[in-house]
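So the chains spell out like this:
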Amino acid sequence: MQFETDFLIIGSGIAGLSFALKAATLGRVTMVTKKNKVDSSTNRAQGGIACVLDKNDTFADHIRDTLISGAGICDEEVVRMVVENGPECVRELLRIGVHFEQDNNGQLDLGREGGHSTRRIAHAYDLTGHEIECTLLTAASGHPNINILENHIAIDLLLASKSDTAGSEASHRDSCHGAYVLDSQTGEIHSYAAKVTILCSGGTGKVYLYTTNPDIATGDGIAMAYRAGARIANLEFVQFHPTCLYHPKAKNFLISEAVRGEGGRLIDENGRLFMQKYDPRGDLATRDMVARAIDTEMKTSGNDSVFLDITHQPADFIKKRFPHIYKTCLSYGIDMTREPIPVVPAAHYMCGGILTDMAGRSSIESLYALGETACTGLHGGNRLASNSLLEAVVYAEQAFQQCKKDWPELARKNPPSSPSWSSGRAERIEECILITHNWDQIRRLMWDYVGIVRSTQRLHLVQETLAPIQQQIRQHYRDYLLTPDLVELRNIALLADLIVRSALARHESRGLHYIIDYPNQVAEPLQKFTTLQKPPTPAHH
Ligand code: SIN
């Protein structure tokens, strides 16, 4: 069946919900979310939203901190725009009902994180993402113009070529008018035709064996955009969060950087502080430096983790400031008020993504990308802590303003009808091991060979190993009826390949990308973006 909507939003985190609430003032909005609408990376964000909100803080300082963290390749114009629009966007979240913590004088209580020269993180203790997600969801769920489809996963974008739309000879496809979407409960695949399509499906953490991300983070938006021919950038910049809880039973539990912001110190198994050896900023150095230092410590000592110690702070303060972390650690038998927490780095954030302009537009007409799915130029080679939620809300507003401007023309547009999805001779998959085995292979391979420290040899080895796996997945894709697991497997396999290709294309070490064959930064020519784009498929193929 074909459904029609004005705005098709793929993903239900802070970027998608913020845009949805605005776009619903223009037309009908359909949101597609893979699982439960609350399953998003936003929901897990502990730290908060970085923004100039204190009278002693300045835009210039936030801009400078972002540029330093980004290792010389942020787009300065974008950084300025995001930082300067931040306060208004945070005020808007407050108006919608998001509750950020306040001090005794009624001022926002601002936290500190690595790479920030001052306290500037608005937070709801260590549940900030959850607070934002729930508030925006409540607003969106009750909105008459917003329809949220849970348990639906987008497969591929609906495209029209110039020749389809303008009758020219051009054979390349360059306009998006919706997506094919799988209803995971019925197994049916429908097309959702839209005037504007927004990809905001989060990041790519599940490409790696160890990650702080939720299960939904399989790079779906980036994979769909790449297959559609959009420009993708900077996928080599995978941010590893330095402190993920190390416990055999804990799955992906983040220990917020705010713990170091409140005085937490990294120590080795003998209780020795080690960060000063690596960076004069110590425990509050930028994430690339801290994650690399921990990696070096673990490789040198042969230990399975390092430790994060905040026991010198009063127990009552720790329990009040970090209620979620305290309770979760305690459930694993670790009392963080009395003993150090074992921690390891884990894949956390994709700084690259679908390349967009300042309005969030991709290189394909009518296709936008927001949040972690996008590469706007804000993060450069290493995202500054808590700049991601900021980017999401600012770009939701930028994209909305662009759509509002285009609305008189968009409102007249009728998306072309698209062919129904054909499953050919595909059959139900009987052995799910075919999927899970490939899934495990890829994630282990990426963790072992494309992690914090890389080498050209290992990257080539990954390419050789991935090629037959991708071939098998292509075959599964033809042979079996689509399931969410198969759709995600196809996406993580593509993302793994694209990350490796980007890493091979950058012949220097910069920010999060450290490669032993090129240990230094290249001064000139400065390569801001490593871009990848699928060559156009000739129309007759
Ligand atoms: C954290 O709380 O450490 C995560 C915040 C972020 O990734 O910006």
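Note that this is a predicted model, so its numbers are computed, not measured.

**Structural notes on the site of the ligand**
All residues adjacent to the ligand are Gln46, Gly47, His241, Leu254, Ser256, Glu257, Arg287, His348, Arg383, Ala385 and Ser386. The contact in question runs from an oxygen atom of the ligand to an N or O atom on the side chain of Ser256, over 2.7 Å. A distance of 3.0 Å is found between an oxygen atom of the ligand and a side-chain nitrogen or oxygen belonging to Arg287. Out of a free accessible area of 260 Å², the ligand has 96% covered by protein chains. Across the shell around the ligand, the residue classes break down as two nonpolar, six polar and three charged.

**Some remarks on the side chain of Glu391**
Among the secondary structure elements, Glu391 is positioned in helix 12 (residues 387-412). No salt bridge is formed by the buried Glu391; its nearest oppositely charged neighbour, Arg383, is found at 7.3 Å. Apart from residues lying up to four places away in sequence, Glu391 is in contact with Val82, Tyr349, Gly371, Thr376, Leu378 and His379.

**Some words on the sheet that holds strand 13 (residues 306-309)**
Strand order across the open sheet formed by four strands is 11-14-13-12, with antiparallel pairing between neighbours. The sheet is open, and its two edges are formed by strand 11 (238-245) and strand 12 (265-267), each paired on a single side. Neighbouring strand axes in the sheet, compared pairwise and without regard to direction, differ in orientation by 45° on average. In this sheet, strand 13 lies alongside strand 12 in antiparallel orientation, the contact comprising three bridges. Across the sheet, the residue bridging to Leu266 is Leu308, located in strand 13.

**Observations concerning the packing of aromatic side chains**
Applying the stated criterion across every chain, the model contains eight aromatic pairs. Between Tyr210 and Trp447 the ring centres are 5.0 Å apart and the planes differ by 80°, which places this aromatic pair in the edge-to-face class. Of the two residues, Tyr210 sits in the loop between strand 9 (189-199) and helix 7 (220-228) while Trp447 sits in helix 13 (residues 433-449), which places them 237 residues apart along the sequence. Aromatic rings pair up to connect Tyr208, Tyr210, Phe240 and Trp447 into one cluster. Looking at Arg490, its charged tip hangs above the ring of Tyr477, at a distance of 4.0 Å from the centre.

**Considerations on the pattern of salt bridges**
Evaluation of the coordinates by the stated rule reveals 33 salt bridges. Across the pair Lys34 and Glu488 runs a salt bridge whose closest N-O atoms are separated by 2.6 Å. You can see Lys34 sitting in the loop between strand 2 (29-32) and helix 2 (41-44) and its partner Glu488 sitting in helix 15 (residues 484-505), a full 454 residues away along the chain. Note on Lys34: relative accessible area 14%, which makes it buried. Its salt-bridge partner being Glu88, residue Arg91 comes within 3.3 Å of it at the nearest N-O pair. Remark: Glu88 and Arg91 occur in helix 4 (residues 76-96); sequence separation between them is three residues, near one turn of the helix. Residue class for Glu88 comes out partly exposed when judged on its relative accessible area of 37%. Beyond isolated ion pairs, a larger network of salt bridges with shared partners links Asp57, Asp61, Arg64, Asp65 and Arg120.

**Looking at the confidence of the model for the protein**
For the protein, per-residue confidence averages 94 on the pLDDT scale, and 96% of positions sit at 70 or higher. In the predicted structure, residues 165-171 sits below a pLDDT of 50 and forms 11 contacts with residues beyond four places in sequence or in another chain.

**Points about the pairing of strand 1 (residues 2-10)**
The pairing of strand 1 with strand 9 spans eight bridges and is parallel. Looking at strand 9, one finds that Thr5 is bridged to Ala194.

**Focus: the pairing of strand 2**
Where burial is concerned, the two faces of strand 2 agree: the one with Val29 and Met31 and the one with Thr30 and Val32 are both buried. Relative to strand 2, strand 1 runs parallel, the two sharing four bridges. Residue pairing across strands places Leu8 opposite Thr30, the latter belonging to strand 2. Assessed by its sense of winding, the connection that carries the chain from strand 1 through helix 1 (residues 14-23) to strand 2 is right-handed. When strand 2 meets strand 6 (residues 146-149), the two strands line up parallel, connected through four bridges. The partner of Val29 across the bridge, within strand 6, is Ile146.

Rules used throughout
- Residues numbered from 1 in each chain as written.
- Predicted model: local features only at pLDDT ≥ 70, side-chain atom pairs only at ≥ 80, totals over all residues.
- Heavy atoms only, no water.
- Near = heavy atom within 4 Å.
- Polar contact = N/O pair within 3.5 Å; in protein donor to acceptor, adjacent residues only side chain to side chain.
- Areas by Shrake-Rupley, 256 points an atom, 1.4 Å probe, with all protein chains shown as cover.
- Nonpolar A, V, L, I, M, F, W, Y, C, P; charged D, E, K, R; others polar.
- Helix = DSSP H or I, 4+ residues; strand = E, 2+ residues; numbered from the N terminus.
- Buried < 20%, exposed > 50% of the residue type's maximum accessible area, 1.4 Å probe, protein only.
- Lys, Arg positive; Asp, Glu negative; His and termini not counted.
- Salt bridge = Lys/Arg side-chain N within 4 Å of Asp/Glu carboxyl O.
- Contact = heavy atoms within 4.5 Å.
- Pairing = 2+ DSSP bridges.
- Axes fitted to C-alpha atoms, helices over the stretch in contact; angles between N-to-C directions.
- Phe/Tyr/Trp six-rings, centres within 6.5 Å; stacked < 30°, edge-to-face > 60°.
- Lys NZ or Arg CZ within 6 Å of the ring centre and 35° of its normal.
- pLDDT = per-residue confidence, 0-100.
- Right-handed = clockwise from strand over helix to strand, strands pointing away.

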